[in-house]
Amino acid sequence: MRRLLVPCVTLIWMLSASLLRFSEVSAADSMDVVPESASVVLRLKTPQATLGRLADYVNVVQPGFGEAIRGNLPALGLLISNPSLAGVDAEKDWWAVVFIEARQRPAVVFVVPATDTNAIKDVLPPGWLFHAADKLAIYSEDEAALGKVKGRVSGKGASLWSKTDSASKKLFESSDVSAFVNLKQLSQTFANELDQAEPALDAFLTQMSGLLPEQ
């Protein structure tokens, strides 16, 4: 159970701390380049415009305070390991693709639309792996995870988007900040942990039901 808790806590952290966008060469404005093996997909819709909308809202609640938000785009650069936003296109969506495997550290692949892919590559911290596809910068600290996304960009395998229902697609695309959690993949990854936790959960529910009034 504790082994399952660690990835879950990490996942929650990822949802709050990692943001990004996919704008693939031949499948612009879609999630078609996200492989079906992805555990979580995160998107920040047009960061420049989203910050503007947030600033307008804050100004309605507290006039004047929204301007501090409107000019704080560089703070988002910290989330994609590019504080200066060198070479980043802030007028297109930013994405992050998270791969989670049992007993392994979650691997994040950032996919950023670029005005200059070389500029993004040059400012990445040591140890990061980089791939450019036209105006798309793809980078990660994990070679295997990066390879999965690169393979999908080149058309290999199936996309997660192709397995997604239309209602979920509509909700994801309409939100300024979106998170798509692939529960099917996660349940398969942690199948052993879930099986081990099931007896304890059953016992807990039985105990709790015994404490409740009959009515």
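Conventions and cut-offs
- Residues numbered from 1 in each chain as written.
- Predicted model: local features only at pLDDT ≥ 70, side-chain atom pairs only at ≥ 80, totals over all residues.
- Heavy atoms only, no water.
- Phe/Tyr/Trp six-rings, centres within 6.5 Å; stacked < 30°, edge-to-face > 60°.
- Helix = DSSP H or I, 4+ residues; strand = E, 2+ residues; numbered from the N terminus.
- Expected span 1.5 Å × (residues − 1).
- Buried < 20%, exposed > 50% of the residue type's maximum accessible area, 1.4 Å probe, protein only.
- Contact = heavy atoms within 4.5 Å.
- Pairing = 2+ DSSP bridges.
- Salt bridge = Lys/Arg side-chain N within 4 Å of Asp/Glu carboxyl O.

Student: Quick question: what am I supposed to make of the packing of aromatic side chains here?
Tutor: This structure, assessed with the given rule, holds four aromatic pairs. Grouped by ring-pair contacts, the aromatic residues Phe 110, Trp 128, Phe 130 and Tyr 139 constitute a single cluster.

Student: How should I be thinking about helix 2 (residues 47-61) in this particular structure?
Tutor: At 3.6 residues per turn, the α-helix brings residues three or four places apart onto the same side. Along its 15 residues, helix 2 runs 21 Å from first to last C-alpha, staying within 8% of the 21 Å computed at 1.5 Å per residue. Buried within helix 2 we find Pro 47, Thr 50, Leu 51, Gly 52, Ala 55, Val 58 and Asn 59. Where helix 2 is buried, its residues meet strand 1 (40-44), helix 3 (66-70), helix 4 (73-77) and strand 2 (94-99).

Student: Would you mind showing me how to read the pairing of strand 6 (residues 177-181) here?
Tutor: Looking down a regular strand, the side chains alternate between one sheet face and the other. On strand 6, burial follows the alternation: Ser 178 and Phe 180 on one face are buried, whereas Val 177, Ala 179 and Val 181 on the facing-out side are not. Relative to strand 6, strand 1 is paired through five bridges, and the arrangement is antiparallel. Within strand 6, the position partnered with Val 41 by the bridge is Phe 180.

Student: Can you walk me through the pattern of salt bridges in this structure?
Tutor: Side chains that differ in sign of charge can pair as their charged atoms come close. Scanning the entire structure with this criterion turns up two salt bridges. A salt bridge links Asp 93 to Arg 43, with the shortest nitrogen-to-oxygen separation between them at 3.3 Å. One end of the pair, Asp 93, is in the loop between helix 4 and strand 2; the other, Arg 43, is in strand 1, with 50 residues separating them in the sequence. In this structure, Arg 53 and Asp 176 form a salt bridge, with 2.7 Å as the shortest nitrogen-oxygen distance. Of this pair, Arg 53 sits in helix 2 while Asp 176 sits in the loop between helix 7 (166-174) and strand 6, placing them 123 residues apart in sequence.

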